[in-house]
Every structure is written in C-alpha cells, then in structure tokens.
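# Structure at a glance
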Amino acid sequence: MRSSLAPGIRLITSFSRDSWYRGFTLFMTFLFYTSYHLSRKPISIVKSELHRNCSNVLRPPNFNVTNNETWCDWPPFDQDNYQKLFGALDNSFLVTYAIGMFISGIFGERLPLRYYLSTGMVLSGFFTALFGLGFYWKIHSIWFYVFAQMMNGLVQTTGWPAVVTCVGNWFGKGKRGLIMGIWNSHTSVGNILGSLIAGMFVSSAWGLSFIVPGIIIAVTGILCFFFLVEKPEDVDCSPPQHHAPAETTLTAPLSPCVFVQENPEQEPLLQDCCNTEEIFGSPSHGPVNGTVMPEPSGEEPEAISFMGALRIPGVVEFSLCLLFAKLVSYTFLYWLPLYIANVAHFEAKAAGDLSTLFDVGGILGGILAGVVSDYTGGRATTCYAMLIAAAPMLFLYNRVGQYGLGTTIGMLMLCGGLVNGPYALITTAVSADLGTHECLRGNSKALSTVTAIIDGTGSIGERRVILWGRVLCMSY
C-alpha cells in the first residue's frame, strides 16, 4: 500500500511537463531582461556624482583647491557645459539603440535566439563595465564615455525582440495581458535593482556602479546560453494556440481578410486586416474557401520583411503611441534622480532610492493594464484611458511633488503606474498579439520584427529625453 504524497510533491506533480517548461522559460526571460535594465540604470544615478556643488563637500586635509565649486567633480563634467556632456552620453546610447532596434528584429528572426541573446548580454556587460573602468583608469576624455555608451546602446537592442519572441513562442493569446503584465515587471525590477546597486557605490567609487551591473548581465548571458529553450518543439512540448482555426472564417461580402469569430478573446486588434498577399507577396498564402491556411507543418516558415511587418494592422498605430509613452517613461528613467536631488536637495544615494518608487508604480500599472485589457478585450482603449489620466498627473507632480515626503511617494507611484502601464502593455501583449496576427497564417517568424519596429519607434521618442533633461536642469 502506497503512502500518501507530501503536499509539496502533490503540488509539483499537479503541473504538467509543458507547464513546467513554460514557467521556466517565463522565469528565465524575466531574469534576462531584468539584467538588461539593471545595466542601463547606473548612468542616471552617477550623474549627480560626476557634477555636484562641491562647496558643501568636506575637503580632504592638505588638498589644494583651485575652484571651490568644482574641485570634487569628475573632469570633463566639471565645466559649465556639463549639461551638454550629460546629454551627449544619453544621446549616444539612445540614437544607436533606436537605429539598432529596427535592425535587431530582422536578425532575431534569422538567427538562433539563444546565441543571439547570450552574445548580446555578454557584450552589454563588457561595455557597461568599460564605462566604469574609466574611473580606475583616470580617463577624462568625453569620447571614451561616448564610445562606451554608443556600443552599449547597440548591443542592448538584442534583448527585447528576443525575449518577447521567446515568450510569444511559449504562450498563446489566452490570458496574455495578465501574464505579460506580471512578466513585464522585469523592467521596473531591473530599474530598482540598478538604482540600489549603483547607489551602494556612487559616493565612494562610482566606477563600481557600472562594473558590478556589467558583471551581473554578463553572467546572466552565460546562463542564457546554457538554459534557454527557444520553442516548445525543441523539447517535445505542445505549441500554444495563438488563434482558433476552427472558429476563424471569412465573411463573403467583406474585405479579403475580415475575420468573424465566436470567442471575443480571439478577435484581432483591428478588425479590417490587410490582405495576406500584401504582407508575404505571394497569392498562395491567401485564404482558401473562407479559411486562413497555416503554413504546412513540414516547412520552416519564411521570415517576414520589414515592409510586410508594417502592413500588419495596428503596428504603425501602436508604434506611434509607444513613441510618446516611452518619451515620458525614459525622461523619468534618466533624469528623475537628478531632478529629485536638485529640487528636494537629497544626496545622490537618497535621490536614487526615492526614484525607484516610480518603477514600483510601474509594476502595479503594468499588471493592472494587463488585467483590464484581458477582461475588456480592449488593448487600445486601456492604453488610451491610462495615458489620458497620466497627463494631468504629471503636471500635478511638478506642482506638489516636493511638498513633503508622503506627497512625493504617492505622486511618483501614481505617475509610474499611469505611464508605465500602457508602455508595458504595448511592448508585451500588444506586440505579441500583432506578431501572431491572423494575417500571418500561424507564422511566428514575424514576432521579433514586429516587436523591434514597435520598440524601435518608441526609442525615437527617447531621444527627446535629452531636450527634456536640459529643460529640467535649466529650470531647477
């Protein structure tokens, strides 16, 4: 007679083999992109240490001072043009990131994701640490730091299309908003950890604020090489059901690719789908007898072209929406600690710690956006409502944010939720929905390209962060 199983064992055996692999992939990709954002955050923390008001800093004994206000600054950021130099650092990263993102998706569709992602993470760790080594090598040339930022921005583009493609390969549309809303908290978790790690060293040896995150993302890249499973088929798991073919039909009087479906959860984001011949350039891929035919199972589907991805309904619209949402989000990412230090007069570490509350709100906002969009079926409506509410809250934070610690905490979390909620929804669930759109006939080779186009367009908005940052510096 068998003895009863322990509760923990019963819990473990209650999950199927597919569920364990899906959970493992979700956890690993969460870890990977957390390390990406963790390595981006140090620059915003270190800015307030590279240039500060040295007249309030205790001078070492027997230290000859030529300028009482800049003696503790790190050259070349001790000059009056330090704002432009900070802008050059941000610009170097954001320009190469925006350009590289459009290219990255194309490579992501054609290269093994495990090799592509792990190589990008190791290189990102190298260039992040290289910036910090400038502290120990006593390098005071702006071009060294610009080069490190440019190269880091380029290799960082390997991350987002690859991890979204991996998750899209394992999870169907189902509760994608909720799952990806929780999963997308890696962005905020990475920002929080990056702030805390950089803040530990910023006042003593700011070089370690870059070197330690660089080592972390490089080690995570090695884990990716050894443990990432790109597709369910690679380990004999069942692939997800992105759409319900039996319920997908074409209504004769309507345009060539208008779908009528029983399950509202399977409805496309925009009803009037473009012709599949326009996307793939071949009439053989079109609908047959009112049904959209999937790729033959024995053939490897062809990767979609850049222009073909742009023709998928909703790609252009959501890309432009993300452009503005990401502008605001990255303004807070790069300049919030400096803003808090200047307005509320906190030390660099305290300002960095307080800035993490914006990301805490972002975690809650991303989950809320996912739940609401799953329940209502309206991804676009959810983004619209949250962004409309975010606009007056940002003005309100500027007015009352410095009136007490409690007010600051509340406004940072509220603004973070309203701004990062739509940002998270568009870059995850919406990107995955569009990358597995009905027009693609089950071809998942578009997922990386679509994700790269949406995030790359949003990254163009990041460049405006430089202008916003200069306005903040000049105003306070």
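In this convention, every chain numbers its residues from 1, walking through the sequence in written order. For a predicted model such as this one, the threshold for reporting local features is a pLDDT of at least 70, and the threshold for listing and counting side-chain atom pairs is 80 or more; totals across whole chains, interfaces and linings nevertheless cover every residue. The side-chain figures draw on all heavy atoms in the structure; neither hydrogens nor water molecules are used.

## Concerning the overall build of the protein chain
- What counts as a helix is a DSSP run of H or I of at least four residues, what counts as a strand is a run of E of at least two, and both are numbered from the N terminus. Within the protein chain one finds 18 helices and two strands.
- Counting every position in the protein chain, which comprises 476 residues, the buried fraction comes to 55%.
- Within the protein chain, residue pairs in contact and separated by at least 24 positions form 79% of the contacts whose partners lie at least 6 positions apart.
- Here the open area of atoms and residues is found with the Shrake-Rupley method and a 1.4 Å probe, where only the protein chains shown may cover a residue. Surface summary for the protein chain: the accessible area is close to 20,900 Å², and the carbon and sulfur share equals 66%. Accessibility here uses a 1.4 Å probe with only protein chains present; expressed as a share of the type maximum, an area under 20% marks a residue as buried, one over 50% as exposed, and anything in between as partly exposed. What makes two residues a contact is simply this: any of their non-hydrogen atoms within 4.5 Å.

## Re unusual backbone geometry
- Between Pro75 and Pro76 the backbone carries a cis peptide bond, its omega angle lying at 10°.
- By the element assignment, Pro76 lies in the loop between α3 (42-50) and α4 (82-110).
- The phi dihedral of Lys138 falls on the positive side, at around 55°, and the residue is not glycine.
- Along the chain, Lys138 turns up in the loop between α5 (113-136) and α6 (142-156).
- Here Lys138 falls in the exposed class, since its relative accessible area comes to 55%.
- Positive phi is not limited to glycine here, since Asp236 has a value of about 60°.

## Focus on the packing of α3 against helix α10 (residues 208-227)
- It is at 10 Å that the axes of α3 and α10 come closest, and there the two elements cross at 170°. By the criterion of interaxial angle, the relationship of α3 to α10 is roughly antiparallel. From α3, Pro42, Ile43 and Val46 reach across to α10, where they touch Ser209, Phe210 and Pro213.
- Any residue that is not Ala, Val, Leu, Ile, Met, Phe, Trp, Tyr, Cys, Pro, Asp, Glu, Lys or Arg is counted as polar, Gly included; the first ten are nonpolar and the last four charged. Residue composition of the contact of α3 with α10, grouped by class: five nonpolar, one polar and no charged. Axes, fitted as lines to C-alpha atoms, cover a helix only where it is in contact. Angles between the N-to-C directions of the axes lie from 0 to 180 degrees. Here the angle decides the label: under 35 degrees means roughly parallel, over 145 means roughly antiparallel, 65 to 115 means roughly perpendicular, and every other value means oblique.

## What about the nonpolar core?
- As used here, the term nonpolar core means buried Ala, Val, Leu, Ile, Met, Phe, Trp, Tyr and Cys residues forming a set that is joined through side-chain atoms within 4.5 Å. Counting 96 residues, the largest nonpolar core has Leu89, Leu117, Trp206 and Tyr397 as the members making the most contacts within it.
- Considering every element that reaches this core, the biggest residue donor is helix α13 (residues 315-343), with 14 residues.

## Brief notes about the packing of aromatic side chains
- Stacked, tilted and edge-to-face are the three classes applied to pairs of Phe, Tyr and Trp rings, where Trp contributes its six-membered ring and a pair requires centres within 6.5 Å; stacked means planes under 30 degrees apart, edge-to-face means over 60, and tilted covers the rest. Evaluation of the coordinates by the stated rule reveals 26 aromatic pairs.
- The rings of Trp74, Phe77, Tyr82, Phe86, Phe131, Phe135, Tyr136, Phe144, Tyr145, Trp206 and Phe210 are connected pair by pair, giving a single aromatic cluster.
- Stacked on the ring of Phe225, the Lys or Arg Arg114 has its end atom at 4.9 Å from the ring centre.
- Two thresholds decide whether a charge sits over a ring: the Lys NZ or Arg CZ must be within 6 Å of the ring centre and within 35 degrees of the ring normal. Looking at Lys138, its charged tip hangs above the ring of Phe135, at a distance of 5.6 Å from the centre.

## Remarks on the pattern of salt bridges
- Salt bridge criterion: a side-chain nitrogen from Lys or Arg within 4 Å of a carboxyl oxygen from Asp or Glu. According to the stated counting rule, one finds five salt bridges in the structure shown.
- Glu49 is the salt-bridge partner of Arg52, the closest N and O atoms lying 3.2 Å from each other.
- The salt bridge involving Arg379 is made with Asp374; its shortest N-O contact spans 3.1 Å. Take Arg379 and Asp374: they sit in the same class, and that class is buried.

## Topic: empty space enclosed by the protein
- Points on a 1 Å grid over protein atoms alone make up a cavity when a 1.4 Å probe fits among them but cannot get out, and a pocket when they form an open set with protein on both sides within 12 Å along at least five of seven lines; lining residues each have an atom within 4 Å of a point. Grid points are joined across faces, edges and corners, and a volume is the space filled by probe spheres set on the points. Scanning the entire structure with this criterion turns up six cavities of 30 Å³ or more.
- Size it by volume and the largest cavity reaches roughly 100 Å³.
- For the lining of the largest cavity, the secondary structure elements donating two or more residues are α9 (186-201), α13, α14 (348-376) and α16 (405-435).
- Among the elements that take part in the lining of the largest cavity, α13 stands out by supplying five residues, more than any other.
- When its residues are assigned to classes, the lining of the largest cavity shows six nonpolar, seven polar and two charged.

## Focus: the environment of Pro161
- Inspection of the secondary structure puts Pro161 in helix α7 (residues 159-170).
- Between the C-alpha atom of Pro161 and that of Phe107, which follows or precedes it by 54 residues, the distance is 9.7 Å.
- Leave out the neighbours within four places in its chain, and Pro161 touches Met101, Ser104, Gly105, Ser448, Thr451 and Ala452.

## Things to note about the environment of His37
- Along the chain, His37 falls in helix α2 (residues 17-40).
- Ignoring any residue separated from it by four or fewer positions in sequence, one finds His37 in contact with Thr187, Gly190, Asn191 and Tyr330.
- Side-chain atoms alone can form a polar contact between residues adjacent in sequence; in general such a contact is a pair of N or O atoms within 3.5 Å, and within protein one must be able to donate a hydrogen while the other accepts it. At a separation of 3.0 Å, a polar atom in the side chain of His37 contacts the side chain of Asn191.

## Points about the packing of α4 against α5
- At a minimum axis distance of 13 Å, the contact between α4 and α5 shows a crossing angle of 170°. One way to sum up the angle between α4 and α5 is to call them roughly antiparallel. Of the residues in α5, those in contact with Leu89, Ser104, Phe107 and Gly108 of α4 are Leu113, Tyr116 and Phe131.
- Per-class residue counts for the contact of α4 with α5 are five nonpolar, two polar and no charged.

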